[in-house]
Amino acid sequence: MASSDLFVGRELGGFIIQERIARGGMATVYRAFQPSVNRAIALKVITLDPTQSEREEFRQRFAQEANVIASLEHIHILPIYDYGIVDNEVAYIAMRLLRGGTLADLLHAGKPLETNRMAEIFTQMARGLAFAHSRGVIHRDLKPSNIMLDDADNAYLTDFGLAKFIDTSMDLTRTGHIVGTPVYMSPEQLKGEVLDHRSDIYSLGVILYHM
């Protein structure tokens, strides 16, 4: 945690931010406390461009995207508890706090994964992904750092597109705009083409190869 972090100690959407636990390209994840139900949560905070967040169409689309992702109730998809935009400055997404790290952490530990462990993780990811696809939701950025683990080593798919939705302003699927991590992307995604669920399946295969 950096002492200069302006969000630490701040109340945001009913959540009290306690410490920074991760930072990405455009989003920062904090450990936070939700007093109303007395629980610790993970809070993803995304700083917005003021001209973007003030657009009513953007706010409506953000709520629509968040509702869809929050409705993905599956044992291997990380639950979203709440979301919102505060003072046209930041968007936040409140999620279950997991303490087992990510698949990326596991792969970078230097010890090869056992075959049974790889199969277990892959099966759990595939089940979560199949459920999302059955609801018409495409992930678009599957990678080991978006696979989280709990204390019992169960795997959860995370980051189903809200941060990427904000990053691309209004349209995740427009031709010519690439969203994702290149090493795990399908050929059509690298070309900036319109995607369907098969692109996620390709990325899942690359993760299996990586494991």
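Above this note sits the structure.
Scoring rules and cut-offs
Residue numbers run consecutively from 1 along every chain, following the written order of its sequence. In view of the model being predicted, local features appear only for residues whose pLDDT reaches at least 70, and side-chain atom pairs are presented and counted only at 80 or more, with totals across whole chains, interfaces and linings using the full set of residues. Calculated side-chain values reflect all of the structure's heavy atoms, with hydrogen atoms and water omitted. Any two strands with at least two DSSP bridges between them are considered paired. In DSSP terms, a helix is any run of H or I states spanning at least four residues, a strand is any run of E spanning at least two, and both are numbered starting from the N terminus. Here a pair means two rings of Phe, Tyr or Trp (six-membered ring of Trp) with centres within 6.5 Å. Their orientation is stacked below 30 degrees between planes, edge-to-face above 60, and tilted elsewhere. Note on exposure labels: buried denotes an accessible area under 20% of the residue type's maximum, exposed denotes more than 50%, and partly exposed covers the range between, all computed with a 1.4 Å probe on protein chains only.

**Student:** Which residues make up the sheet that holds strand 4 (residues 39-47), and what are the values?
**Tutor:** Across the sheet, six strands lie side by side as 1-2-3-4-6-5; this open sheet has antiparallel pairing. Of all the strands in the sheet, the pair left with one neighbour each is strand 1 (11-12) and strand 5 (80-86). Examined bridge by bridge, strand 1 and strand 2 (residues 15-23) share two bridges and lie antiparallel to one another. Within strand 2, the position partnered with L12 by the bridge is F15.

**Student:** Can you tell me about the packing of aromatic side chains, naming the residues and giving the values?
**Tutor:** Counting across every chain of the model gives two aromatic pairs. Between the aromatic rings of F7 and Y30, the centroid separation amounts to 6.0 Å while the plane-to-plane angle is 55°, which identifies the pairing as tilted. With F7 in the segment before strand 1 and Y30 in strand 3 (residues 27-34), this pair connects stretches of sequence that are 23 residues apart. Note on F7: relative accessible area 14%, which makes it buried. Ring geometry for F15 and Y92: centres 6.0 Å apart, planes at 65°, overall edge-to-face. Here the residue F15 occupies a position in strand 2, and Y92 occupies one in strand 6 (residues 90-96), the gap between them amounting to 77 residues. The exposure class assigned to Y92 is buried, which follows from its relative accessible area of 7%.

Any functional reading would require information beyond the geometric quantities listed.
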